[in-house]
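Geometric and topological summary
Residues per chain are reported as follows:
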Amino acid sequence: MFTGIIEELGTVVAIDELGDSARLAIRGSTVTSDAAHGDSISVNGVCLTVVDNADGVFTADVMGETLKRSTLGALRSGAAVNLERAATVATRLGGHIVQGHVDGVGSILSREAGDQWETVTFALPEGLSRYIVEKGSITVDGISLTVTAVTDDTFSVGLIPTTLKLTTLGAKGVGERVNLEVDIMAKYVEKLLGKAQS
């Protein structure tokens, strides 16, 4: 489990393609400071398991399913990635409950700059809008964000200067793809209500 509060921007240093899977090597001094084999680290919102950790670089295996269902398959050496270690019982929940399980891939439709912040609007994959509400939470590339507006196929968020500076969203342009994870509670409520009505 994660909180969606990005700890650092990491850098992809190598990608080894292994048939229909891949092994990523990612540099991140903060997340590797106490990482051990088997620990979980969120990479652009995808929960990955640490295989090795040495000299500030960790490796993680990514299966074909994850490469197809997220933006990790498009990563290249040198790419910046959002990193967060798994939450502990003592962690402050500054964002919201994030699993690191991508529900779909969206894309940036527009960016509108304000004086100190920016409104970003994203295209939504079919079927996800029912889980998104205005003033609710959504995870974009691992970042916990508050929804400012939602339609059947789009949603918008407001990005403060800290988010623009310390995450990949500060540099992503119109048309670029992002990993999306909706609030898990919405999916559980839908399932429970569906069972109650049947």
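First, a word on scope: everything that follows refers to the structure included in this document. All figures in this text were calculated on a predicted structure; none of them were measured in a lab.

Structurally, Leu 109 is set in strand E7 (residues 104-113). Classification of Leu 109 by relative accessible area gives partly exposed; the value is 43%. Along the backbone, Leu 109 and Val 120 are eleven residues apart, and their C-alpha atoms lie at a distance of 7.6 Å. Residues within four places of Leu 109 in sequence aside, it is in contact with Thr 121, Phe 122, Ala 123, Thr 154 and Val 174.

Below, the discussion takes up the side chain of Glu 84. Mapped onto the elements of the fold, Glu 84 is located in strand E6 (residues 80-85). A distance of 2.8 Å separates the side chain of Glu 84 from the backbone nitrogen of Thr 3, its partner in a polar contact. Only 3.0 Å separates the side chain of Glu 84 from the backbone nitrogen of Gly 4, close enough to count as a polar contact. Setting aside residues up to four positions removed in sequence, Glu 84 forms contacts with Phe 2, Thr 3, Gly 4, Ile 5, Glu 7, Val 31, Ile 41, Ser 42 and Gly 142.

Moving on: the packing of aromatic side chains. Across all of its chains, the model carries one aromatic pair by this definition. Judged by centre distance (5.0 Å) and plane angle (15°), the rings of Phe 122 and Phe 155 are stacked. Of this pair, Phe 122 sits in strand E8 (residues 118-123) while Phe 155 sits in strand E11 (residues 154-159), placing them 33 residues apart in sequence. Of the two residues examined, Phe 122 and Phe 155, each falls in the buried class.

Another point: the pattern of salt bridges. Under the definition given, this model contains eight salt bridges. A salt bridge links Lys 187 to Asp 103; its shortest N-O distance comes to 2.6 Å. Of this pair, Lys 187 sits in helix H3 (residues 184-197) while Asp 103 sits in the loop between E6 and E7, and the two are 84 residues apart along the sequence. The exposure class of Lys 187 is partly exposed, given its relative accessible area of 25%. Residue class for Asp 103 comes out partly exposed when judged on its relative accessible area of 28%. One salt bridge in this structure joins Glu 118 and Arg 111, with 2.4 Å as the shortest N-O distance. Within this structure, Glu 7, Asp 34 and Arg 85 form a network of salt bridges that share partners.

Rules used throughout
Residues numbered from 1 in each chain as written. Predicted model: local features only at pLDDT ≥ 70, side-chain atom pairs only at ≥ 80, totals over all residues. Heavy atoms only, no water. Helix = DSSP H or I, 4+ residues; strand = E, 2+ residues; numbered from the N terminus. Buried < 20%, exposed > 50% of the residue type's maximum accessible area, 1.4 Å probe, protein only. Contact = heavy atoms within 4.5 Å. Polar contact = N/O pair within 3.5 Å; in protein donor to acceptor, adjacent residues only side chain to side chain. Phe/Tyr/Trp six-rings, centres within 6.5 Å; stacked < 30°, edge-to-face > 60°. Salt bridge = Lys/Arg side-chain N within 4 Å of Asp/Glu carboxyl O.

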